[in-house]
Structure formats: C-alpha cells, structure tokens
Amino acid sequence: MITDLFLQGFKCFVEESFQLGRLTLLSGLNSSGKSSFLQAIRLLHGQKKLEGFGTGKDIVSDLAKSCRIGCNKGADGRFAVEMRWERQDALPIFAAASDAAFCDAFASLSAARLGPELELPLRQAGEVTSVGERGEDVLEFIEAHSELSGVPAALCAADESMGLVRNISAWLELVSPGISFDYQTIPDMDRARAMYGRRRPTNVGFGLAYTLPVIANVLVWATLVSNGQKMSPLLLLENPEAHLHPRGQTQMGKFLAAAAAAGVQIVLETHSDHLLNGIRLAVREGMLDCGDSRFYFFRYDAEEGRTFVDEPVLDEKGYFDEWPDGFFDETERVLAQLF
C-alpha cells in the first residue's frame, strides 16, 4: 500500500506531500491537478511512457527548473520509488521493475472507457491482470476468474454463496434495478459479448458499460486479497460514477468504500457529490474506518500558475471538519439563489 506521494515542480504542483489512505478521493474544478496526481502514480509505477505526455518541458512547472515525484510504501518514511526530470530531459520509457516495491496488482481505469460495444476482444495472450485502461479486457478478465470463490461478505450484493459473475450481476442491478448480467465467449473468433437480460449492450445505454469494468476489477481483486493471493492491489479510477443515475452514484460510493475496507487500495477522482455521500454513509455505517480515507480538494490559481490543496478530514459520523469553498457545494449555491 502506498502511504505517501510527493510532488515537487510537477506540472501545476510547486511542492505538495499527500498521505494516501485505503480510499483517497480527489476533487476540484477541471484542470486543477487531479489527473496529474494520477499520472504521477502511473509514472512511478513503471508504466510505459504515457501517450501525449511530452518531454521534461511539458511536465516541469513554470515555477521550477526541475521536478521530482516520489512515493512511499509502509511506515519507515523512505520513498519506495523516486524520479526526477530537468526541463531539457526526454521522458524515458520505464520498465515495470518497480512493481515489487510498489504493489502486487495495478490498474488505471480511464474516464474514456468503452461504451456499449456489441463485442469485445479475447486476446488469449497470457494472464489478464486487469480489465484494461478503457475496460476493453473486462469480459476476458471475468472469464479468467469466473471460478473464483470467496467474495468478501461486505462486497456480496446478496447471498454470500453466490459466485463472482452472480455478484457482478447483483451489483449492476443495485445501480440499475431490473438488470441482470451474463456474458458469452466465442474463443474460435477471439471475441466475447456481454448480455444484459435479453438485451444487447447497445440497448441498455452507457451506464452499465462504464460501470461493469469498475465492479469486475474490484470484486476480483478483493476476492484475491481475501484468499491471500494478493496483498496490496492498487486501482486508479477516473469518474467511476460516469453515466450513472444519482442513486447509482451513491451505491458506487458505498461499493468502493467496502472494497477499500476489504484491502483494495483505491485512488479516485470524481465530480459527484452523490458518490462522495455514498462514501460518507459507508463510514457512518461502519463499512470503512474514517481513518482509512483521505480527501483532497484542488484549487488552481491562474494568476500564480499553481495548484493549492485543501484536505477536509472525515470523522466517524460522516462529517467533515471543514468545507472548502467549491468543495461539492454547487447544489447549495443554486438552492440559495432559488430560495
């Protein structure tokens, strides 16, 4: 588990240190630094060069001559991984050699996930370790773990005896009542297709297609942790609530809180007060210890050319010790104008 992240001279950050919890939520206006936070973790993890990331001059802050990013695993205060760049540096292509010091399972799920596709590929090219950055491998990932048993009780949507696929279906039904999920693989054609009751994916909209990879990745990893097959999986999520009804967004918040309590470290960015409130309810109901959560609100100052960070702290009743201006307060602002 990553306990700390340090950013110095990196893009919009001058010098910031962050503590990470089992669940870390990032919020703020667009272009305030949330994606940069996630990109820093991806670079430290040792992924290949990020497409479109540029060179040193593109990632070094205008207020600095160089940048440094680092992360710490454990409580000994030492960075497990650290990287530096000067403005003139080309960004190298990193090997995934830092995995052992970082986490034993890693995935980053983009906000630009695939929509309702009629079919998805079966690559059949070795172990499938996650659903893929856009959810493109979700059905192959589910198939590879279809016999997995021991879903943690807190993540069982109904009967604890249900297997992985039934639990995925049950969680999808919680966010979209009346929907059942199954899938079919066609190995000879290297294809797979999802089925939602008797409906094609294209006839059930974007919400289920966007949500399925999140639920599948979380349930598999939480079960592997429960079985002792994984110790410190890390999942980065961009807008996990995308295309969901507000009630479904709240359920997603509670689901992710339960997953964090089950041992999957989650770092997510969101614009949804409903998802936030789902996490707050989960803490109040005892699903997740408040000390295992962290919340960061990013404010970009265009005049100074940098981001400032607030950290409201959640207590065991689901209340924050402060409510920064702009932190999920738009509903109250509008209602004040209406009434």
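Residues numbered from 1 in each chain as written. Predicted model: local features only at pLDDT ≥ 70, side-chain atom pairs only at ≥ 80, totals over all residues. Heavy atoms only, no water.

Topic: the overall build of the protein
A count of helices and strands for the protein gives nine helices and 13 strands. Computed over C-alpha atoms, the radius of gyration of the protein comes to 20 Å, within 12% of the 20 Å expected from 2.2 N^0.38 for 339 residues, which places it in the range of a compact globule. The principal-axis extents of the C-alpha atoms in the protein amount to approximately 55 × 55 × 40 Å. Expressed as a percentage of its 339 residues, the buried residues of the protein come to 52%. Across the protein, the mean location of the 32 positive side-chain charges is 2 Å away from that of the 47 negative side-chain charges. (Helix = DSSP H or I, 4+ residues; strand = E, 2+ residues; numbered from the N terminus. Rg over C-alpha atoms; globule rule 2.2 N^0.38 Å. Buried < 20%, exposed > 50% of the residue type's maximum accessible area, 1.4 Å probe, protein only. Lys, Arg positive; Asp, Glu negative; His and termini not counted. Charge placed at Lys NZ, Arg CZ, Asp CG, Glu CD.)

Concerning the packing of helix H7 (residues 246-261) against helix H8 (residues 273-284)
One can describe the packing of H7 onto H8 by two numbers: an axis separation of 7 Å at closest approach and a directional angle of 45°. Put simply, H7 runs oblique to H8. Viewed along their axes, H7 and H8 form a crossing whose handedness is right-handed. Counted together, Pro-246, Gln-249, Thr-250, Met-252, Gly-253, Lys-254, Leu-256 and Ala-257 of H7 and His-274, Leu-275, Gly-278, Ile-279, Leu-281 and Ala-282 of H8 form the full contact between these two elements. Classifying every residue of the contact of H7 with H8 by side-chain character gives eight nonpolar, five polar and one charged. (Axes fitted to C-alpha atoms, helices over the stretch in contact; angles between N-to-C directions. Parallel < 35°, antiparallel > 145°, perpendicular 65-115°, else oblique. Left-handed = near helix turned anticlockwise from the far one by under 90°. Contact = heavy atoms within 4.5 Å. Nonpolar A, V, L, I, M, F, W, Y, C, P; charged D, E, K, R; others polar.)

Re the side chain of Asp-137
Note that Asp-137 resides in the loop between strand E7 (120-121) and helix H4 (138-144). Apart from the residues lying within four places of it in its own chain, the contact partners of Asp-137 are Arg-123, Val-128, Ser-130, Val-131 and Gly-132.

Some thoughts on the confidence of the model for the protein
Per-residue pLDDT for the protein has a mean of 88; in total, 92% of the residues score no lower than 70. The model gives residues 94-100 a pLDDT under 50, and that stretch makes 14 contacts with residues more than four places away or in other chains. (pLDDT = per-residue confidence, 0-100.)

Comments concerning the packing of aromatic side chains
A complete count under the given rule lists 16 aromatic pairs for this structure. Taking the centre distance of 6.0 Å and the plane angle of 70° together, the rings of Phe-18 and Phe-298 count as edge-to-face. Here Phe-298 lies in strand E12 (residues 293-301) and Phe-18 lies in strand E2 (residues 13-19), a separation of 280 residues in the sequence. Judged by relative accessible area, Phe-298 falls into the buried class, the value being 1%. Between the aromatic rings of Phe-320 and Phe-327, the centroid separation amounts to 5.4 Å while the plane-to-plane angle is 90°, which identifies the pairing as edge-to-face. As far as the burial class goes, Phe-320 and Phe-327 line up, both buried. Among the aromatic side chains, those forming a connected cluster through ring pairs are Phe-295, Phe-297, Phe-320, Trp-323, Phe-327 and Phe-328. Between Arg-306 and the ring centre of Phe-308, over which it is positioned, the NZ or CZ distance is 4.2 Å. (Phe/Tyr/Trp six-rings, centres within 6.5 Å; stacked < 30°, edge-to-face > 60°. Lys NZ or Arg CZ within 6 Å of the ring centre and 35° of its normal.)

Digging into the sheet that holds strand E8 (residues 181-186)
Strands sit in the order E7-E9-E8 across an open sheet of three strands; the sheet is antiparallel. This sheet does not close on itself; its edge strands, each paired only once, are E7 and E8. Here E7 runs beside strand E9 (residues 191-196); their pairing, made up of two bridges, is antiparallel. Each bridged residue has a counterpart across the sheet, and for Leu-120 the counterpart in E9 is Ala-192. Those strands touched by helix H5 (residues 164-175) are E8 and E9, and its axis lies near 130° from that of E8. (Pairing = 2+ DSSP bridges.)

Here we look at the packing of H5 against helix H6 (residues 206-226)
In contact at an axis separation of 10 Å, H5 and H6 are set at 135° when each is read in the N-to-C sense. The pairing of H5 with H6 is recorded here as oblique in orientation. Here the hand of the crossing between H5 and H6 comes out right-handed. Two secondary-structure elements touch here, H5 through Leu-164, Asn-167, Ile-168, Trp-171, Leu-172 and Val-175 and H6 through Leu-208, Thr-211, Leu-212, Ile-215, Ala-216, Leu-219 and Val-220.

A short note on the environment of Leu-174
Mapped onto the elements of the fold, Leu-174 is located in helix H5. Looking at Leu-174, the relative accessible area reads 36%, which means it is partly exposed. Along the primary structure Leu-174 and Met-252 are separated by 78 residues, whereas in three dimensions their C-alpha atoms are 9.2 Å apart. When residues no more than four places from it in sequence are discounted, the contact partners of Leu-174 are Ala-157 and Gln-251.

A short note on helix H1 (residues 34-45)
Look at H1: 17 Å from first C-alpha to last across twelve residues, which is about the 16 Å you get at 1.5 Å a residue. Burial within H1 is extensive, with eleven of its twelve residues counted as buried. Of the positions making up H1, those classed as buried are Lys-34, Ser-36, Phe-37, Leu-38, Gln-39, Ala-40, Ile-41, Arg-42, Leu-43, Leu-44 and His-45. Trailing H1 by a residue or two, Gly-46 shows a phi angle of about 100°, which is positive. (Expected span 1.5 Å × (residues − 1).)

Brief notes about the sheet that holds strand E3 (residues 23-28)
Each strand in a sheet pairs with another by means of backbone hydrogen bonds, the pair being arranged parallel or else antiparallel. Across the sheet, six strands lie side by side as E6-E10-E11-E3-E12-E13; this open sheet has mixed pairing. Sheet topology places strand E6 (105-109) and strand E13 (306-310) at the edges, where each strand pairs with a single neighbour. Within the sheet, the average angular offset between the axes of one strand and its neighbour, ignoring direction, is 15°. Along the sheet, H6 makes contact with E6 and strand E10 (233-238), crossing E10 at roughly 165°. The strands touched by H8 within the sheet are E3, strand E11 (265-269) and E12, with E3 carrying the most contacts at an inclination of about 150°.

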